[in-house]
Amino acid sequence: MDFLPGIARWAHLVAGITWIGLLYYFNLVQMPALKDAGADGTAAGITKHVAPRALFWFRWAAVATWVAGAWLLGKGFVDAFLLRDAYAAIGVGAWLGTIMLFNVWVLIWPNQQKILGMKPASDAEKAIARRVAMLASRTNMMLSIPMIFFMANGLSHRAIVGL
Amino acid sequence: MKNPLDSISGTVVAGLVLTLALYLIVKHVLVGA
């Protein structure tokens, strides 16, 4: 079954591109677009039709990325999370990805449900939810930079950067 | 002090600084141990 790690790597990359691509879309496109759309009264088009769909693919792609990554680590899963020897670098990437998955499901998604009116919330609660969701999303964007570095250089290519 | 995560440029700089810090930790503390 030598082809299975190849399938896992492929699935990890496809799901990861979907997840991080949508993360960058939220931070680079949707957030500034909503600010402008709010000013001319057209934000509903985004919050009603675009954001819920983007959030669906975003949160489930995050799960698929983590599961495929765990599958890809295989027997090295525990060594990676314990940052042991050759698995130290990919382990840092795995920890960063895990923290990001936590942020998606525990901080971003529940607060977005309040912001988008999927869960009842007062205006004050919505204002707090906006700030928490924004900071969690920006935190994930920040963490994605070292996470991708350690994914790219963590196991098969670690010698290139001296790890 | 302004939160760097309030801007895209601050977020990217923070990410690059974190990358360098984690790289040095992995190289000199974890792998080099």
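Asker: Tell me about the overall build of chain B, and please be specific about residues and values.
Answerer: Looking only at helices and strands, chain B features one helix and zero strands. Its C-alpha atoms give chain B principal-axis dimensions of about 35 × 15 × 5 Å. When the 33 residues of chain B are sorted by exposure, 12% land in the buried category.

Asker: So what's going on with the overall build of chain A? Which residues, and what values?
Answerer: The secondary structure content of chain A amounts to five helices and zero strands. What you see in chain A, going N to C, is helices and strands ordered as α-α-α-α-α. Taking the principal axes of the C-alpha coordinates as reference, chain A spans close to 55 × 25 × 25 Å. Put simply, chain A has 163 residues, and 34% of those count as buried. Long-range pairs, those at least 24 residues apart, make up 70% of the contacts in chain A with a sequence separation of at least 6.

Asker: Go over helix α5 (residues 123-153) of chain A with me, naming the residues and quoting the values.
Answerer: Along an α-helix, residues three or four apart share an orientation, since each turn contains 3.6 residues. With 31 residues, α5 of chain A ought to run about 45 Å at 1.5 Å a step, and its terminal C-alpha atoms sit 45 Å apart, in line with that. Maximal helix bending in α5 of chain A amounts to about 30 degrees, located at serine 144 of chain A; proline proline 146 of chain A follows within four positions.

Asker: Please provide a residue-by-residue account of the packing of helix α4 (residues 88-115) of chain A against α5 of chain A, values included.
Answerer: For any two helices packed against each other, the geometry is given by the interaxial angle and the distance between the axes. Residues and elements named next belong to chain A. Running from N to C, α4 and α5 cross one another at 160 degrees; their axes reach a closest spacing of 8 Å. One element, α4, and the other, α5, form an angle in the roughly antiparallel class. Like other packed secondary-structure pairs, α4 and α5 cross with a definite hand, here left-handed. Counted by class, the contact of α4 with α5 contains 18 nonpolar, 10 polar and four charged residues.

Asker: Describe in detail the interface of chain B and chain A, supporting the description with residues and values.
Answerer: Contacts between the two partners involve 14 residues from chain B and, on the opposite side, 16 residues from chain A. Tallied by class, the residues present in the side of chain B that touches chain A amount to 10 nonpolar, three polar and one charged.

Asker: Quick one: what's the story with unusual backbone geometry, residue by residue and with numbers?
Answerer: Residue and element names in this part refer to chain A. You will see that leucine 83, though not glycine, has its phi angle at about 55 degrees, which is positive. Structurally, the position occupied by leucine 83 is in the loop between α3 (77-81) and α4. Exposure remark for leucine 83: the 19 C-beta atoms within 10 Å place this residue in the partly exposed category. Phi is positive for aspartate 85, close to 45 degrees, though the residue is something other than glycine.

Analysis parameters
- Residues numbered from 1 in each chain as written.
- Chains lettered and ligands numbered in written order.
- Predicted model: local features only at pLDDT ≥ 70, side-chain atom pairs only at ≥ 80, totals over all residues.
- Helix = DSSP H or I, 4+ residues; strand = E, 2+ residues; numbered from the N terminus.
- Buried ≥ 20, exposed ≤ 12 C-beta atoms within 10 Å, placed from the backbone.
- Contact = placed C-beta atoms within 7 Å.
- Expected span 1.5 Å × (residues − 1).
- Bend = angle between axes of the 7 residues up to and from the residue.
- Axes fitted to C-alpha atoms, helices over the stretch in contact; angles between N-to-C directions.
- Parallel < 35°, antiparallel > 145°, perpendicular 65-115°, else oblique.
- Left-handed = near helix turned anticlockwise from the far one by under 90°.
- Nonpolar A, V, L, I, M, F, W, Y, C, P; charged D, E, K, R; others polar.

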